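# Structural characterization, general
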Amino acid sequence: MVLATVLGFPRIGKQRELKTALERYWKGKIGESDLRNAAADLRAEHWRQQKAAGLDVVPTGDFSFYDQMLDMTALLGAIPPRYGWTGEGVDLATFFAMARGAQREGVDVQAMEMTKWFDTNYHYIVPEFAHDQKFKISSTKPVDEFLEARRLGFNARPVLIGPITYLLLGKKEGGGNLALLDTILPAYAEILQKLEQAGAAWIQLDEPALVLDLDAAARAAYAKAYAYLRQATKAKLFVATYFGALGDNLDAALALPVDALHLDLVRAPQQLDSALDRAPTSLTLSLGVVDGRNVWRNDLGASLRLLETAAARIGKDRVWVSASCSLLHAPYDLDLETTLDPEIKNWLAFAQQKLGEITTLTRGLNEGRGAIADALDASDAAVKSRANSPRIHNPAVAARLIEQPLASAGRKSPFATRSALQKKRLGLPLFPTTTIGSFPQTAEVRKHRADFKNGKVTPEAYDAFLKAETQKVIRFQEDIGLDVLVHGEFERSDMVEYFGEQFSGFAFTQNGWVQSYGSRCVKPPIIYGDVARPRPITVSWSRFAQSLTEKPVKGMLTGPVTILQWSFVRDDQPRSVTAHQIALALQDEVLDLEKAGIRIIQIDEPAFREGLPLRRAEWQAYLTWAAQAFRLASTGLKDDTQIQTHMCYAEFNDIIAAIASLDADVILIETSRSQRKLLEIFTAFKYPNEIGPGVYDIHSPRVPSEEEMIALLEKASTRIAPAQLWVNPDCGLKTREWPETKASLEKMVAAARRMRERHAGK
Ligand code: GLN
Ligand code: ZN
């Protein structure tokens, strides 16, 4: 018998109930028992849904108040000393202090670091290990939640993050995380024993690190860890890999002494064949054929063919049907969408629908195709409709991509030529000052937007309000003496949504939320078709703002890679093609801005680094098409129009050459959090164009001193010629309040003036 299962389910709730409960708890509006009850209700509801959909087993422990990695940290008692934890069970106050920091009477601690979970937009809390880190079971959560599910009558399988992934994703004093393996394994063994005693027949250990580049030592650690855990328990062990191919780790994974192994067959269908060939006969394969992190409806016919092959080769008893990864990364329920176009809606499946796909496929395998004939017909019809729909295919877009060869995409002349012309046209001083684009989105701005969306404010009144705000911010920038101005972005709620709403080929959901971190959720747009820009988007705003001042006002666009990264992307063509289509749509906007007399255009790419593939061997291909997309967006411009770009909060060292290959005239880059590191890069790498290393951190209300900004600029001047340097904050100011914004920018302008005096004529 083939079994239907998933690795995990979204936890936030259909109506984001967990978010509501958490935020009320943090504000002190509800107590701990209310929070715990809300969580228990959600878990019960989610298990019911999975069982009702026909899953044979439900995962437990996939729920979390914040993050599953942080749960492991609490479970293993790996609490950094600054939280003053006393060694007993980790309480909620300590747990949330690690997640979010804490500031109250006598306590002032920073949160632990948060970073992206592989290449998803989910963020986990990074474990922090001391050199001699000890581990001691400090939470009963996995057992509690397993028993809770059992009491409610569910066939439950506890889920943990496996030891190697847990260790590798942490940061340790002095590095060498796997040196902690011997210390951590007894703790893992103890958890497995407790779960076994509680009645768990199977235990799932997530090891997505198996899809990364691993060295021999890491592979050996896998073998050692699982041999140890095998001895520790009689419960069956299920190792889950996802987000990519096992690749050169396949043999290591197949050799683990475990009972089942999960493969991501959406990202890496090609690995099935070798896995079927080489899996030992004792191993069950869980086949992730339904996309757990995108919104497309499964092609049931194609999946069934693949599953049938597997079942024929290794036997039905050794096959499970599943989603590629935990459904955590998919939105909840397509049925909640009432305004989506019905044709597009028919191409989609959210978590709830994916459960149905998994159980349908399982039935098809167990009972034969006849048992699911209707579902197969409906799926075929949807596949056909999507393949042929004129909504998706816009021949003009395809033709344009052929006309504009990617290899030659970019500016007409080399930077040196452009730079001379731009200097003449712009007439900027040494150390020119500017900002990244947005100014404070105050409560008033947000209220006007909400009122406009609810129809309480007329479009005319809203427009007048936005113009007044823009006018104020232009005056403000002139008054404090900035050199290159921005219009403030008051008309934008989100830098991707704003463009997506105007491009063709994009759809938006009402409830398509996915967890980003903690209580925070995002609602990515869905790119379903060829992308084009039917009409100008930002031109009237930029023209209006420029009409108010003699100083240059920057046009402000979101770059192709960032739009791609922060959307659900179509799976019927390579991501690169979609990126290049977006780039062409942006190119139209760029050229229209130039025509409207805009002298500087900024194309933001904060997500440029995020797009990097998990395996290094694939980096170069990505960097090539991503940089081409950027250059495509700035193709056709006159030499004296300046292109700026902005990137933030990422590691830039290893991709600096690719960043330089974007050939932006100016890059405004975040450095204030990792100044030293960034400046090191510029010692090793001669950045060819102009650069604005962010001189202060906008994520804090703190007003920087003139001296510290001067110190940073002086340091930068030793690596980068003063004639190449710009002065700017490290990111947009939309989350800040006005008073600190004003104070900080005044000091920044003063710092730039001092630098000019010092370096004039040098
Ligand atoms: N121009 C955007 C802003 O200033 C850039 C935001 C970002 O880097 N994420 O808000
Ligand atoms: Zn930024």
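For the structure itself, look to the data block above.
Here we summarise the structure given alongside this text. This is a predicted model, so every value here is computed, not measured. (Residues numbered from 1 in each chain as written. Chains lettered and ligands numbered in written order. Predicted model: local features only at pLDDT ≥ 70, side-chain atom pairs only at ≥ 80, totals over all residues. Heavy atoms only, no water.)

## Thoughts on the overall build of the protein chain
The number of helices and strands found in the protein chain is 27 helices and 23 strands. Here the C-alpha atoms of the protein chain give a radius of gyration of 27 Å, agreeing with the 27 Å that 2.2 N^0.38 yields for 762 residues. When the backbone C-alpha atoms are referred to their principal axes, the protein chain occupies close to 75 × 60 × 55 Å. In the protein chain, which comprises 762 residues, the proportion classed as buried is 60%. Looking at the protein chain alone, contacts between residues at least 24 apart form 79% of all its contacts between residues at least 6 apart. As presented, the protein chain carries roughly 29200 Å² of accessible surface, and 52% of it is formed by carbon and sulfur atoms. Positive and negative side-chain charges in the protein chain, numbering 92 and 94 respectively, have mean positions lying 2 Å apart. (Helix = DSSP H or I, 4+ residues; strand = E, 2+ residues; numbered from the N terminus. Rg over C-alpha atoms; globule rule 2.2 N^0.38 Å. Buried < 20%, exposed > 50% of the residue type's maximum accessible area, 1.4 Å probe, protein only. Contact = heavy atoms within 4.5 Å. Areas by Shrake-Rupley, 256 points an atom, 1.4 Å probe, with all protein chains shown as cover. Lys, Arg positive; Asp, Glu negative; His and termini not counted. Charge placed at Lys NZ, Arg CZ, Asp CG, Glu CD.)

## Regarding helix α4 (residues 92-100)
Buried residues dominate α4, accounting for seven of its nine residues. Tucked inside the fold, the buried residues of α4 contact α1 (17-26), α2 (32-52), α3 (68-75), β3 (102-104), β4 (107-109) and β6 (123-125).

## A few points about the sheet that holds strand β12 (residues 260-264)
Read across the sheet, eight strands follow the order β1-β14-β13-β12-β11-β10-β8-β2 without closing on themselves; strand pairing throughout is parallel. Only two strands of the sheet have a single neighbouring strand rather than two, namely β1 (3-4) and β2 (58-60). As defined by bridge partners, strand β13 (residues 284-290) adjoins strand β14 (residues 319-323) across five bridges and the pair is classed as parallel. Paired with L287 across the bridge in β14 is V321. (Pairing = 2+ DSSP bridges.)

## Some words on the packing of aromatic side chains
Under the defined criterion, the tally for this structure stands at 29 aromatic pairs. Their ring planes at 40° and their centres at 6.4 Å tell us that F499 and F503 sit as a pair that is tilted. Note on F503: relative accessible area 4%, which makes it buried. Through a chain of ring-to-ring contacts, the aromatic side chains of Y25, W26, F63, F65, Y66, F95 and F96 assemble into a single cluster. Sitting above the plane of the W26 ring, R100 keeps its charged end 3.6 Å from the centroid. Lying over the aromatic face of W296, R386 brings its terminal NZ or CZ to 3.9 Å of the ring centre. (Phe/Tyr/Trp six-rings, centres within 6.5 Å; stacked < 30°, edge-to-face > 60°. Lys NZ or Arg CZ within 6 Å of the ring centre and 35° of its normal.)

## Digging into the site of ligand 1
The environment of ligand 1 is formed by 13 residues, the closest being S438, E489, D604, H646 and G732. Residue I436 places a main-chain N or O atom 3.2 Å away from a nitrogen atom belonging to ligand 1. Here ligand 1 loses 92% of its free accessible area of 300 Å² to cover by the protein chains. (Near = heavy atom within 4 Å. Polar contact = N/O pair within 3.5 Å; in protein donor to acceptor, adjacent residues only side chain to side chain.)

## Some words on the environment of V107
Looking at where V107 falls in the secondary structure, it is placed in strand β4. Relative accessible area serves as the criterion here: at 27%, V107 is assigned to the partly exposed category. For the pair formed by V107 and L265, sequence separation is 158 residues and the distance between their alpha carbons is 48 Å.

## Let's talk about unusual backbone geometry
With phi around 55°, R16 is a residue other than glycine that occupies positive phi space. Along the chain, R16 falls in the loop between β1 and α1. For R16, a relative accessible area of 23% gives the class partly exposed. Of note, the phi angle at F431 is positive, near 50°, even though the residue is not glycine. Classification of F431 by relative accessible area gives buried; the value is 0%.

## Overview of the coordination of the zinc ion (ligand 2)
Think of it this way: four donors in a tetrahedron around the metal ideally sit 109.5 degrees apart, and six in an octahedron ideally sit 90 or 180 degrees apart. Here the zinc ion (ligand 2) is held by the protein donor atoms H646 (NE2), C648 (SG) and C731 (SG), which lie 2.1 to 2.4 Å from it. Considering all four donor atoms around the zinc ion (ligand 2), the spread of angles at the metal, 93 to 123°, places the coordination shape in the tetrahedral class. All donors to the zinc ion (ligand 2) come from one chain, and their sequence spacing reads H-x1-C-x82-C. (Donors = N, O, S within 2.8 Å, 3.2 Å for Na, K, Ca; no water. Tetrahedral: all angles 85-135°; square planar, octahedral: opposite > 155°, others 65-115°.)

## Re the nonpolar core
As a rule of thumb, soluble globular proteins bury nonpolar side chains together. Core analysis: the biggest nonpolar cluster contains 133 residues, and F65, W117, F135, Y166 and L287 have the highest contact counts within it. Ranked by residue count, the leading element in this core is helix α7 (residues 181-198), at 10 residues. Beyond its immediate chain neighbours, meaning those up to four positions away, F65 contacts L18, L22, L35, R36, A39, L92, F95 and F96. Among the nonpolar cores identified, the runner-up in size contains 99 residues, and L485, L564, I698 and L725 belong to it. (Core = buried A, V, L, I, M, F, W, Y, C linked by side-chain atoms within 4.5 Å.)

## Some points on the packing of α1 against α2
Packed helix pairs are specified by the crossing angle of their axes together with the interaxial distance, meaning the distance between the axes. Contact pair α1 / α2: the axes reach a minimum separation of 10 Å and the direction vectors enclose 170°. Here α2 runs roughly antiparallel to α1, going by the angle between their axes. Residues E17, L18, A21, L22 and Y25 of α1 touch α2, and the partners they reach there are E32, L35, A38 and L42. A class-by-class count of the residues in the contact of α1 with α2 yields seven nonpolar, no polar and two charged. (Axes fitted to C-alpha atoms, helices over the stretch in contact; angles between N-to-C directions. Parallel < 35°, antiparallel > 145°, perpendicular 65-115°, else oblique. Nonpolar A, V, L, I, M, F, W, Y, C, P; charged D, E, K, R; others polar.)

## Considering the pairing of strand β11 (residues 236-240)
The two faces of a sheet get side chains in turn, since along a regular strand they alternate between them. The buried count for β11 comes to four of five residues, which makes it a mostly enclosed element. In this structure, strand β10 (residues 202-206) lies alongside β11, joined through five bridges in parallel fashion. Directly across from I203, in β11, lies its bridge partner L237. Note on the crossover from β10 through helix α8 (residues 216-232) to β11: the handedness is right-handed. (Right-handed = clockwise from strand over helix to strand, strands pointing away.)

## Looking at the packing of helix α5 (residues 141-151) against α7
The contact between α5 and α7 brings their axes to 10 Å, and the two run at 20°. In this view, α5 runs roughly parallel relative to α7, as classed from their interaxial angle. Considering the relative orientation of α5 and α7, their crossing is right-handed. Contacts between α5 and α7 involve P142, V143, F146, L147 and R150 on the former and, on the latter, K194, L195 and A198. (Left-handed = near helix turned anticlockwise from the far one by under 90°.)

## Things to note about the pattern of salt bridges
Enumeration according to the criterion identifies 53 salt bridges in this entry. In this structure, R570 engages D572 in a salt bridge whose closest nitrogen and oxygen atoms are separated by 2.7 Å. Take D572: its relative accessible area is 36%, and that puts it in the partly exposed class. Taking the shortest distance from any N to any O, the salt bridge between R758 and E714 comes out at 2.7 Å. Of this pair, R758 sits in helix α27 (residues 738-759) while E714 sits in helix α26 (residues 706-719), and the two are 44 residues apart along the sequence. Under the relative-accessibility criterion, R758 is labelled partly exposed at 37%. (Salt bridge = Lys/Arg side-chain N within 4 Å of Asp/Glu carboxyl O.)

## Observations concerning the sheet that holds strand β21 (residues 642-647)
Reading across the sheet, the five strands line up as β19-β20-β21-β22-β23 and stay open at both edges, with parallel pairing between neighbours. For this open sheet the edge positions go to β19 (554-558) and β23 (690-693), each flanked by a neighbour on one side alone. Pairs of neighbouring strands in the sheet enclose a mean axial angle of 20°, with direction left out of account. Strand direction decides the pairing type here: β21 and strand β22 (residues 666-669), joined by four bridges, are parallel. By the bridge assignment, T645 is partnered in β22 with I667.

## Things to note about helix α20 (residues 539-547)
Among the residues of α20, those classed as buried are V539, W541, S542, F544, A545 and Q546. Buried residues belonging to α20 abut α18 (459-480), α19 (497-500), β19 and α22 (575-595).

## Quick word on the environment of E190
Inspection of the secondary structure puts E190 in helix α7. Owing to a relative accessible area of 34%, E190 belongs among the partly exposed residues under this scheme. As a C-alpha pair, E190 and I710 span 520 residues in sequence and 55 Å in three-dimensional space.

So far we have only geometry, and geometry alone does not tell us how the molecule works.
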